[in-house]
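Tertiary structure, described
What follows is the residue order along each chain.
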Amino acid sequence: LLSEAIEREKDEEASRFTRHEVKNSVLVALAQVEKLRATHDEAVSAAKVVTDPAYDAPVSSMLSSLRVGLYQTLETVLSQAMAREVVHGVYLLRTVPVRVDDVICKAHGYGARMDDSLFPVVTRPQTLPVVDVDPRLLLHIHRNAVSNAVKYGRKGGVVATEIEVADHMLTVKVINQPGDH
């Protein structure tokens, strides 16, 4: 029993070290992408390179795509670390006053409008009050619920998020259309 506990601790330490190294590597790569983009934009604006759209557009697109992919990788690493901490009961809540709809909409790229046809966000009341929540934990849970709704719901179906604050209680529901699963 003691040897199992020691093995589990060693595995957890190795996993923490790996996540830390991956996170640092992704952060370095993001810094390099930002520097490459700045160098490219500077060269184009100073007309040091030919500003042929056939060249510039694909380069800009690749840099943007690389940046997005690296941020997604970083978010995955950080989310996995948080999930592990939650499961093991060692996650420390970091609550701040926020409007929940703002946190969800901005993080998922919905912008100021919440009338996305496939991923609508409905709030009750229409203007939500500020509440104390842990935004990272909220986003992690919401992202997981939306992912499950897409995976198990109707292909191409609507996945709605309903956010309600009533009687000092925050309720967030992710609702999909039934699928074949």
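In case you missed it, the structure is sitting above this.
Residues numbered from 1 in each chain as written. Predicted model: local features only at pLDDT ≥ 70, side-chain atom pairs only at ≥ 80, totals over all residues. Heavy atoms only, no water.

**Quick word on the overall build of the protein**
Along its length, the protein carries 4 helices and 5 strands. When the helices and strands of the protein are listed from N to C terminus, the series reads α-α-β-α-β-β-α-β-β. Residues counted as buried form 26% of the 181 residues belonging to the protein. For the protein, contacts bridging at least 24 residues in sequence account for 72% of all contacts bridging at least 6. A total of about 12,400 Å² of accessible surface is found on the protein, and carbon and sulfur atoms cover 58% of it. (Helix = DSSP H or I, 4+ residues; strand = E, 2+ residues; numbered from the N terminus. Buried < 20%, exposed > 50% of the residue type's maximum accessible area, 1.4 Å probe, protein only. Contact = heavy atoms within 4.5 Å. Areas by Shrake-Rupley, 256 points an atom, 1.4 Å probe, with all protein chains shown as cover.)

**A look at the sheet that holds strand S4 (residues 159-166)**
Taken in spatial order, the 3 strands of this open sheet run S2-S4-S5, and their pairing is mixed. In the strand order of this sheet, the two ends are held by strand S2 (121-124) and strand S5 (169-176), each with one partner. Each adjacent strand pair in this sheet contributes to an overall mean axis angle of 15°, direction not counted. In the sheet, S2 pairs with S4 via 4 bridges, with the strands oriented parallel. The residue bridging Thr123 from the neighbouring strand is Ile163, located in S4. Contacting S4 and S5, helix H4 (residues 135-152) crosses the sheet at an angle of about 25° to S5. (Pairing = 2+ DSSP bridges. Axes fitted to C-alpha atoms, helices over the stretch in contact; angles between N-to-C directions.)

**Re unusual backbone geometry**
The amide bond that connects Arg124 to the next residue, Pro125, takes the cis arrangement and shows omega of -5°. Looking at the element boundaries, Pro125 is found in the loop between S2 and strand S3 (131-133). Notably, Asp167 is not glycine yet its phi reads approximately 50°, a positive angle. In this fold, Asp167 is placed in the loop between S4 and S5. If you check the backbone angles, His168 has positive phi at about 60° while not being a glycine.

**Regarding the nonpolar core**
Counting 13 residues, the largest nonpolar core has Val100, Val103, Ile104, Val133, Leu138 and Ile163 as its most contacted members. Elements that contribute at least two residues to this core include exactly helix H3 (100-107), S3, H4 and S4. If one sorts the elements of this core by residue count, H3 sits on top with 4 residues. Contact partners of Ile104, with chain neighbours within four places excluded, come to Leu138, Leu139, His142, Ile163 and Val172. In this structure, Val26, Leu30, Val33 and Leu74 belong to the second largest nonpolar core, which totals 7 residues. (Core = buried A, V, L, I, M, F, W, Y, C linked by side-chain atoms within 4.5 Å.)

Any functional reading would require information that these geometric values do not contain.
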